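# Per-entry structural report
These are the residues of each chain, in order.
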Number of protein chains: 2
Amino acid sequence: MSFTKIPGGVTAPQGFKAAGLACGIKESGKKDLALIFSQVPAKAAAVFTSNKIKAAPLEVSRRHLSNGVAQAIIINSGNANACTGRQGFDDALQMAQSVAEPLKISPQDVLVASTGVIGNFLPMVKIKEGVKRAIQSLTDQGSSNAAEAIMTTDTFPKEIAFEFEIEGRRVRIGGIAKGSGMIAPNMATMLAFLTTDVKIDEPFLKDCLKRAVDSSFNTITVDGQMSTNDMVAILANGMVGNKELGLFEEALHLVCQELAKMIVKDGEGATKFVEIVIEGAMSQDQAKGIALAIANSNLVKTAFYGEDANWGRIMAALGSSGGEIDPDKIEIFFGTERIVVQGVGIPYDQDKVSQILKSPEIQVTVNLNLGQAQARVWTTDLSPEYVKINAAYRT
Amino acid sequence: MSFTKIPGGVTAPQGFKAAGLACGIKESGKKDLALIFSQVPAKAAAVFTSNKIKAAPLEVSRRHLSNGVAQAIIINSGNANACTGRQGFDDALQMAQSVAEPLKISPQDVLVASTGVIGNFLPMVKIKEGVKRAIQSLTDQGSSNAAEAIMTTDTFPKEIAFEFEIEGRRVRIGGIAKGSGMIAPNMATMLAFLTTDVKIDEPFLKDCLKRAVDSSFNTITVDGQMSTNDMVAILANGMVGNKELGLFEEALHLVCQELAKMIVKDGEGATKFVEIVIEGAMSQDQAKGIALAIANSNLVKTAFYGEDANWGRIMAALGSSGGEIDPDKIEIFFGTERIVVQGVGIPYDQDKVSQILKSPEIQVTVNLNLGQAQARVWTTDLSPEYVKINAAYRT
């Protein structure tokens with residue numbers, strides 16, 4: 001095996017510490033403030049939401065990344081600091097400053113992220129007091145607490161780390177994430193923070209991150225439908241001192257994909273993990289667009305919840321996706337069972353399909369039989385529980 | 001009043017009869033076959049789904065409309081006759097023939113529509129037997145039965161008729177419809193059938209119908225997201241013998257809007273009727289796109305179900321709509337209460353807003369403060385009941 005799964009999350013790589021605690025933003029008293037710190041300045045990159053309305057911390061983080069270096073990330077949950085105008089921006093700046101001073105680093109080297117309710121100002125007194133305690137409690141075992149502190153409607157913390165070798169040296173890459181698996185039109189915030197001790201140039205780190213996000217988080221969420229706060233950031237502190245990059249990019253993809261899968265599996269009210277594969281499309285963009293159209297159809301999602309082999313709803317979603325299709329060429333498979341040929345349903349093994357639909361993980365493959373391109377997206381079913389969670393979330 | 005609401009639905013205009021009965025397509029034994037008949041050939045026009053996968057009856061109806069004349073419409077519910085290939089097309093043709101022969105009209109003058117589950121072949125023996133009985137039971141009181149027979153998940157039949165005057169003569173226009181109020185990404189089938197005794201040329205009738213559909217049914221459903229079976233058809237039998245058209249087009253808009261409102265109010269599991277108004281947009285297309293992005297957000301819809309003034313979700317939907325916006329110029333109103341100014345929440349009368357959100361009809365207005373264009377869409381909230389209905393629909 002090239003990659004070994006190891007414990008430790010964002011604190012698995014050399015030189016990283018983390019903390020997570022409750023500072024009183026959440027009325028429930030649950031953890032709501034996380035800090036990640038590298039003992040040396042790290043090359044840093046981030047991908048931000050494409051939503052035209054961006055939360056204040058994203059703008060602060062974007063500015064602080066202009067030199068490609070960062071040393072700490074401060075994150076709060078329970079309040080998105082979005083749609084908060086000038087004061088929201090100042091608050092996000094102050095969050096960075098409150099971290100920088102005691103750690104004796106530049107505020108410019110602190111990234112800031114928030115998740116939670118839109119439109120309320122941050123309780124800055126609580127946050128500043130929380131930051132002090134977070135700095136005191138930074139440890140190289142702190143990843144789990146940090147993963148817990150960035151949760152909102154998440155039902156479990158998400159962290160992962162892998163180890164691999166470059167030039168005979170041990171390299172590690174770790175990550176924590178939060179988010180709901182309901183892809184667009186949900187727009188619940190998705191956050192991920194990655195750390196690694198690999199030595200890498202900042203421009204290349206940025207490119208690698210972009211590609212990794214595209215093949216992971218962007219297969220569960222649509223660019224045009226991201227929340228105001230979505231952000232994926234990485235710190236690479238170079239402590240391994242490697243010269244080549246070896247399997248680094250593959251490892252980064254792996255970490256991002258594992259975190260993305262956890263997010264989908266923790267989808268609000270989800271009872272199924274559904275993989276939609278489009279084959280035989282005219283282009284990869286077309287394939288992805290069509291896959292997302294199916295994944296985003298409430299009718300398709302409720303059919304999965306009902307464990308119903310309702311391929312007609314998949315056909316309807318295909319036809320309305322805007323992608324190039326020829327109805328008479330479409331093949332649909334549930335798992336390995338082919339149930340539609342040339343756009344028409346065929347007799348199939350009902351017991352086998354029923355078994356497939358009862359399983360917690362379902363794969364649907366659509367072959368358009370038009371070209372060579374393919375794409376894959378991950379989604380969940382839509383359950384009554386989803387509605388209950390999102391109707392009650394704020395109150 | 002220029003227009004008087006009258007009973008009678010599609011049989012209110014002179015010379016129209018209708019019938020609706022159970023022929024055994026639905027296992028429940030509920031009505032599933034409807035017939036509308038004009039005693040003289042009528043000018044006819046229709047608007048069909050933009051879904052690239054079109055059900056067989058739509059293709060048959062499109063061909064039968066090539067001469068702009070029709071005299072009957074046969075509709076079944078419980079089976080969409082979609083994704084049924086060559087046999088589905090032949091079955092739809094046979095439906096037209098089975099109506100034409102006993103009525104001694106050309107099969108070319110019969111339109112065909114279906115709604116229900118995709119992918120099953122029609123039970124043609126039952127349908128042919130049903131058509132015979134439907135012809136025998138045609139009456140000028142038959143509209144309600146027909147309205148009932150086209151229902152699927154609808155909880156009430158939808159029919160309406162208005163009367164007005166042209167050149168001192170009484171003109172009538174009536175309609176029946178079926179459909180769920182959940183707009184895209186739902187794609188539940190929407191059908192509407194309209195009758196009038198006005199005298200009108202076919203090309204102009206077609207134009208009028210298109211415009212009326214755009215300002216009614218298309219404000220509750222998106223072109224790119226229609227079902228495989230959506231269809232709106234009109235028969236104008238000319239029995240009034242008018243020369244001018246007077247207020248005909250206005251009356252047609254009124255009938256379509258009233259039916260569209262009924263569809264929204266009967267939204268699957270809906271507890272609220274929600275009107276989204278976008279003002280101050282750069283163009284009408286932009287305004288409509290932005291309104292639909294808000295109306296289609298599951299998070300916005302669940303917030304309405306929860307009677308929660310969660311304007312942050314509206315902001316997030318605005319930002320991801322792809323439409324032109326300036327976050328710092330956005331104003332949001334719930335009813336008449338302004339709650340967001342320049343993109344930031346302001347203190348508002350909580351009791352008043354709470355009252356507004358508790359009401360069964362809610363209006364949300366967003367002023368983008370960029371241009372002069374505006375648009376309005378109608379939608380519903382998203383309730384746990386919606387999921388239950390759609391998870392259980394087929395089984």
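One structure accompanies this document, and this report is about it.

Rules behind the numbers
Residues numbered from 1 in each chain as written. Chains lettered and ligands numbered in written order. Predicted model: local features only at pLDDT ≥ 70, side-chain atom pairs only at ≥ 80, totals over all residues. Heavy atoms only, no water. Pairing = 2+ DSSP bridges. Helix = DSSP H or I, 4+ residues; strand = E, 2+ residues; numbered from the N terminus. Contact = heavy atoms within 4.5 Å. Axes fitted to C-alpha atoms, helices over the stretch in contact; angles between N-to-C directions. Buried area = accessible area lost by both parts, 1.4 Å probe. Salt bridge = Lys/Arg side-chain N within 4 Å of Asp/Glu carboxyl O. Polar contact = N/O pair within 3.5 Å; in protein donor to acceptor, adjacent residues only side chain to side chain. Least-squares fit on C-alpha atoms with pLDDT ≥ 70 in both. Buried < 20%, exposed > 50% of the residue type's maximum accessible area, 1.4 Å probe, protein only. Lys, Arg positive; Asp, Glu negative; His and termini not counted. Phe/Tyr/Trp six-rings, centres within 6.5 Å; stacked < 30°, edge-to-face > 60°. Lys NZ or Arg CZ within 6 Å of the ring centre and 35° of its normal. Parallel < 35°, antiparallel > 145°, perpendicular 65-115°, else oblique. Left-handed = near helix turned anticlockwise from the far one by under 90°. Expected span 1.5 Å × (residues − 1). Arc of directions from axis to C-beta.

Here we take up the sheet that holds strand 15 (residues 373-380) of chain A. All names here are of chain A. The six strands are arranged 13-12-11-14-10-15 in an open sheet whose pairing can be described as mixed. The open sheet has two edge strands with one neighbour each: strand 13 (344-345) and strand 15. Across two bridges, strand 12 (residues 337-341) lies against strand 13 in antiparallel orientation. Along strand 13, the bridge assignment pairs Val340 with Gly345. Packed onto the sheet, helix 6 (residues 248-265) meets strand 10 (273-281), strand 14 (361-367) and strand 15 and runs at close to 45 degrees relative to strand 15.

The next point concerns the environment of A:Gly269. All names here are of chain A. Assignment of secondary structure puts Gly269 in the loop between helix 6 and strand 10. A C-alpha to C-alpha distance of 31 Å links Gly269 and Gly345, two positions 76 residues apart in sequence. When residues no more than four places from it in sequence are discounted, the contact partners of Gly269 are Ser383, Glu385, Tyr386 and Ile389.

Quick look at the interface of chain B and chain A now. In this complex, chain B contributes 58 residues to the contact, which on the side of chain A involves 57 residues. Carbon and sulfur atoms make up 62% of the surface buried where chain B meets chain A, a total of about 4300 Å² over both sides. For the pair chain B and chain A, the interface holds zero salt bridges. Linking chain B to chain A there are nine residue pairs in polar contact (both at pLDDT 80 or more). Elements with a minimum of two residues in the side of chain B that touches chain A: helix 8 (298-305), helix 9 (311-319), strand 13 (344-345) and helix 11 (384-392) of chain B.

When chain B is fitted to chain A, the residual RMSD is 0.1 Å, and the transformation amounts to a turn of 180 degrees plus an axial shift of 0.0 Å. Read as a symmetry element, the transformation amounts to a two-fold axis. The rotation axis passes nearest to the C-alpha of B:Pro384 in chain B, at a distance of 2.2 Å. Here 98% of the contact residues of chain B are again contact residues in chain A; the copies associate through an equivalent surface.

A few words now on the side chain of A:Arg313. Mapped onto the elements, A:Arg313 comes out in helix 9 (residues 311-319). Despite its burial, A:Arg313 pairs with no opposite charge, the nearest such side chain being A:Asp308 at 5.5 Å.

Think of a pair of aromatic rings as described by two things: how far the centres are apart, and how the planes are tilted against each other in angle. Following the criterion strictly, the structure yields six aromatic pairs over all chains and no others. Ring geometry for A:Phe304 against A:Phe334: centres 6.4 Å apart, planes inclined by 50 degrees, an arrangement best described as tilted. Pair noted here: A:Phe304 is in helix 8 (residues 298-305) and A:Phe334 is in strand 11 (residues 331-334), with a separation of 30 residues, a long-range link. Residue A:Phe334 is classed as buried on the basis of its relative accessible area of 1%. In this arrangement the basic side chain of B:Lys265 is found over the ring face of B:Phe273, its NZ or CZ atom lying 5.3 Å from the centre.

Residues and elements named next belong to chain A. Direction vectors running N to C along helix 1 (residues 56-64) and helix 2 (residues 85-103) enclose 55 degrees, while the axes themselves pass 8 Å from each other. As summarised for this structure, helix 1 and helix 2 are arranged oblique, according to the angle between their axes. Our pair here, helix 1 against helix 2, has a crossing hand that is right-handed. Between helix 1 and helix 2, the residues in contact are Ala56, Pro57, Glu59, Val60, Arg63 and His64 and Gly88, Phe89, Ala92, Leu93 and Ala96, respectively.

It is worth spelling out helix 5 (residues 202-214) of chain B at this point. All names here are of chain B. Over its 13 residues, helix 5 extends 18 Å from the first C-alpha to the last, a length consistent with the 18 Å expected when each residue adds 1.5 Å. Considered for burial, the residues of helix 5 that qualify are Leu205, Cys208, Leu209, Ala212 and Val213. Along the axis of helix 5, the buried residues cluster in a sector spanning 130 degrees; they form a single face. Of the residues in helix 5, the exposed ones pointing more than 90 degrees away from the buried face are Pro203 and Lys210. In this structure, the buried residues of helix 5 make contact with strand 3 (33-48), strand 8 (191-196), strand 9 (231-236) and helix 6 (248-265).

Residues and elements named next belong to chain A. With eight of nine residues buried, strand 10 lies mostly within the body of the structure. Bridge count for strand 10 against strand 14 is seven bridges, and the pairing is parallel. Note on strand 14: the bridge partner recorded for Glu279 is Asn367. Pairing analysis gives seven bridges linking strand 10 to strand 15, with the strands arranged antiparallel. In the sheet register, Ile276 faces strand 15, and the bridge partner there is Val377.

What follows deals with the pattern of salt bridges. The final tally for this structure, using the stated rule, is 28 salt bridges over all chains. The closest approach of N and O atoms between B:Glu59 and B:Arg63, which form a salt bridge, is 3.1 Å. Note that B:Glu59 and B:Arg63 are positioned in helix 1 (residues 56-64) at a spacing of four residues, about one turn of the helix. Classification of B:Glu59 as partly exposed rests on a relative accessible area of 24%. Between B:Arg338 and B:Glu331 there is a salt bridge; the shortest N-O distance is 2.7 Å. Looking at B:Arg338, the relative accessible area reads 36%, which means it is partly exposed. The exposure class assigned to B:Glu331 is buried, which follows from its relative accessible area of 13%. One salt-bridge network, held together by shared partners, links A:Asp154, A:Lys158, A:Lys178 and A:Asp266.

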